[in-house]
Amino acid sequence: MSPFDQYLDYQQMCNYTQSLQEKYPGIINVSSFGKSYEGRDLQVVRVTRCKNHCPVMLIEAGTHAREWIGPATALYIIHQLVENNTNNNLVNGLDWRIIFLLNPDGYEYSRNHDHVWRKTRSKQENGCFGVDGNRNYDIHWAEVGAVTTKPCSSTYPGHEPFSENETRALKNYVLGLKGKAKFYLSLHSYGNYILLPWGYTSEKPDDIELLKDLAEIVGDSFSKNNTYFIGSPPELLYAAGGSSQDYMKAVLDIKYSFTMELTKTEWGFFIPSTHILSIMPEVYIAISEFAKGMLNTY
Ligand code: 0X9
Ligand code: ZN
């Protein structure tokens, strides 16, 4: 049975990463960095054979509950890194931290009750539930792309920054990496975008060219019929404050901070499980291009 011909539930994902840890104890370590609102462990999978001082590659998926292809892809990346020995240099020279499902409560709710659910599951005012994790960080919070007066909205940013266990846990986890994190990638869907900072403004960071050059190499790795579009959220989609990508770069000083909107298909968010395996390999090659770029830089 392949874990990639279906969308695993939260428990199956944990079982899968646990089984990899038992099989490859020297290279993979699974730990919890906090609890979700409903009390699920927030897990991070560390993959590395680094002896000392390797740049940390942080990948996070599953902020948005309905975007099931993100967590599936994160697990596929873990699987490739540990089981495919053509990747030895990526594991020897880099310290991967992969948060395969940041919003497990929302994900389970999307699987079991409401497929289109996007937010966390915390209780809000007016009998509403959930906060948009990608509007909840303390960076130009609620200034654009979200309003604090509508707790029922699917982009509700929360009553204050870091109101959510999940975003707070991620922030604290990254603070614990003390300047070692050099790369952050937030996996979302859909639309085939590699998004550059900033998300809250169409102004550019000073080092935008470095990030853009790398994104272009990554973009070129996709096949001709699977073009990825490169630019900032305001250029390609819409502006939004409070996003993880902006927070990681502006506040936690992770220079190379990206968001990918995976896939562009007729199904939008709801990709049939029979197609998962046809999507993953190209995304993995793209991720390995990001990784090679980091190896060459640090
Ligand atoms: O709106 C979002 O959070 C992302 N799109 S999605 O369809 N996956 O919900 C885009 C995030 C772009 N990044 C920033 N605005 N910073
Ligand atoms: Zn998303």
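Per an unreviewed UniProt entry, the protein chain goes by Peptidase M14 domain-containing protein and derives from Diploptera punctata. According to its UniProt record, the protein chain has this under Cofactor (unreviewed entry): "Zn(2+)".

Colleague: I'd like a description of the environment of Ile194, backed by residues and values.
Modeller: Tracing the chain through its elements places Ile194 in strand β6 (residues 193-195). Measuring from C-alpha to C-alpha, the distance between Ile194 and Glu216 comes to 8.9 Å, with 22 residues separating the pair along the chain. Sequence-distant contacts of Ile194, that is, excluding residues within four places in its chain, are made with Ala215, Val218, Gly219, Tyr228, Ile230, Phe258 and Met260.

Colleague: Pulling in residues and values, what's your account of the pairing of strand β1 (residues 28-35)?
Modeller: Pairing analysis gives 7 bridges linking β1 to strand β2 (residues 41-47), with the strands arranged antiparallel. Residue pairing across strands places Asn29 opposite Arg46, the latter belonging to β2. Following β1, the chain reverses through 5 residues before pairing antiparallel with β2; Gly39 in that reversal takes a positive phi of roughly 95 degrees.

Colleague: Tell me about the sheet that holds β2, residues and numbers included.
Modeller: Overall, mixed pairing links the 8 strands, which are arranged β1-β2-β4-β3-β5-β8-β6-β7 in an open sheet. The sheet is open, and its two edges are formed by β1 and β7 (229-231), each paired on a single side. Between one strand and the next, the sheet's axes are offset by a mean angle of 20 degrees, whatever the strand orientation. Inspection of the sheet shows strand β3 (residues 56-61) paired to strand β5 (residues 181-189) by 6 bridges, in the parallel sense. Following the sheet pairing, Leu58 is matched in β5 by Tyr184. Against the sheet, helix α5 (residues 165-175) makes contact with β1, β2, β3, β4 (95-99) and β5, and its axis sits at roughly 130 degrees relative to β1, the strand it touches most.

Colleague: Got a sec to walk through the pairing of β4? Specific residues and values, please.
Modeller: Most of β4 sits out of view: 5 of its 5 residues are buried. By the alternation rule, side chains of β4 split into Asp95, Arg97 and Ile99 and Trp96 and Ile98, which are all buried. In the sheet, β2 pairs with β4 via 3 bridges, with the strands oriented antiparallel. Residue pairing for β4: Val47 is matched across the bridge by Trp96. Of the strand pairs in this sheet, β3 and β4 are connected by 5 bridges, and their pairing is parallel. Along β4, the bridge assignment pairs Ile59 with Ile98.

Colleague: Outline the UniProt feature "active site" (unreviewed entry) in the protein chain, supporting the account with residue identities and numerical values.
Modeller: As annotated by UniProt and renumbered to match this structure, "active site" (unreviewed entry) occupies Glu261. With respect to the helices and strands, Glu261 occurs in strand β8 (residues 256-262). The exposure class assigned to Glu261 is buried, which follows from the 22 C-beta atoms found within 10 Å. In this structure, Glu261 is in contact with His188, Ser189, Tyr190, Gly191, Asn192, Tyr193 and Leu195, ignoring residues within four places of it in sequence.

The rules we used
Residues numbered from 1 in each chain as written. Chains lettered and ligands numbered in written order. Predicted model: local features only at pLDDT ≥ 70, side-chain atom pairs only at ≥ 80, totals over all residues. UniProt positions renumbered as here; feature names shortened; annotations may be inferred. Helix = DSSP H or I, 4+ residues; strand = E, 2+ residues; numbered from the N terminus. Contact = placed C-beta atoms within 7 Å. Pairing = 2+ DSSP bridges. Axes fitted to C-alpha atoms, helices over the stretch in contact; angles between N-to-C directions. Buried ≥ 20, exposed ≤ 12 C-beta atoms within 10 Å, placed from the backbone.

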